[in-house]
Structures are given as C-alpha cells and as structure tokens.
Amino acid sequence: MARSLSYDAYINSLDWKRKRVRWLASAGYMCQRCGAQNITLQVHHLHYHTLGEETDKDVQVLCIKCHEIADALRLMERRRQRWAMSEFKRKQRRGW
Ligand SMILES: [Zn+2]
C-alpha cells in the first residue's frame, strides 16, 4: 500500500472495513481491554508503523471508552519519546 495514502482514506476503504470485520470476529466481539460485549467496538491502532499492512499484533479491538484511553496513552507515549529524543540530542550537544 502506498505510504502517501491518507489515514482517513484508508479508514474509509473497503480494505480496512474487511480487516475490521475480521478482527472484530477474532476478538469474539468483545473489548480486548475491559471485556465489554454488546456495545460499539472499534479497532484501535497500537501504532501507525504498519498502517495499511497491519497484523493482529498492531491493532486492538476496543469499546469506545477504552479506545479514548488507548488513544490518549498512545499520544502520551509519543510525546514522551519525542521528549526523550530531544533530551538525548541536548545532552549530546553538550558532550554529556
Ligand atoms: Zn473496553
């Protein structure tokens, strides 16, 4: 899949919809975090490194509540990594 494909276009694609249905089924139509059933489920990307070519390890089936938490955690992790990298560069510049 082309790397230039936008996230929105992908999420609305038939390819994604097919995969989504498969993941929901393999999760037993249950939130993989809290175990909730008979609710709206969404497929969460643990990261976007494999966008378009996700495997079972790259996604998680979550209820809306858990999805919000997971998105917030992913954002925090990305910020933390960015901060750690800028700290590293700063220290490197100073020659430690
Ligand atoms: Zn949940």
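Further up the page is the structure itself.
Residues numbered from 1 in each chain as written. Predicted model: local features only at pLDDT ≥ 70, side-chain atom pairs only at ≥ 80, totals over all residues.

Undergrad: Hey, could you go over the environment of glutamine 60 for me, with residue numbers and the actual values?
TA: Tracing the backbone shows glutamine 60 in strand β2 (residues 59-63). For the pair glutamine 60 and alanine 25, spaced 35 residues apart in sequence, the C-alpha to C-alpha distance is 12 Å. In this structure glutamine 60 touches Gln32, His44, Leu46 and Ala70, once residues within four positions along its chain are discounted. (Helix = DSSP H or I, 4+ residues; strand = E, 2+ residues; numbered from the N terminus. Contact = placed C-beta atoms within 7 Å.)

Undergrad: Can you lay out the nonpolar core for me, pointing to particular residues and giving the numbers?
TA: Among soluble globular proteins, nonpolar side chains are generally buried collectively. Counting eight residues, the largest nonpolar core consists of Cys31, Leu41, Val43, Val59, Val61, Leu62, Cys63 and Cys66. Of all the elements in the fold, those that place two or more residues in this core are β1 (41-45) and β2. Among the elements that make up this core, the one with the highest residue count is β2 (four residues). Contact partners of leucine 41, with chain neighbours within four places excluded, come to Leu24, Tyr29, Cys31, Val61, Leu62 and Cys63. (Core = buried A, V, L, I, M, F, W, Y, C linked by C-beta atoms within 7 Å. Buried ≥ 20, exposed ≤ 12 C-beta atoms within 10 Å, placed from the backbone.)

Undergrad: Describe the pairing of β2, listing the residues and the values that go with them.
TA: For β2, the tally of buried residues reaches four of five residues, placing the bulk of the element in the interior. One ladder, built from five bridges, connects β1 with β2; its direction is antiparallel. Among the inter-strand pairings, glutamine 42 is bridged to a residue of β2, identified as leucine 62. (Pairing = 2+ DSSP bridges.)

Undergrad: Which residues make up helix α2 (residues 14-26), and what values go with them?
TA: Residues separated by three or four positions in an α-helix point in the same direction, a consequence of the helix having 3.6 residues per turn. Counted at 1.5 Å a residue, the expected span for α2 with its 13 residues is 18 Å, and the 18 Å between its end C-alpha atoms agrees. With zero of 13 residues buried, α2 is to be regarded as a mostly surface element. (Expected span 1.5 Å × (residues − 1).)

Undergrad: Can you lay out helix α3 (residues 64-93) for me, pointing to particular residues and giving the numbers?
TA: Helix length check: α3 (30 residues) gives 44 Å between terminal C-alpha atoms against 44 Å at 1.5 Å per residue, within 8%. Here α3 lies mainly on the outside; one of its 30 residues are buried. Backbone geometry just downstream of α3 places glycine 95 in the positive-phi region, at approximately 70 degrees.

That's the geometry; what it means functionally is another story.
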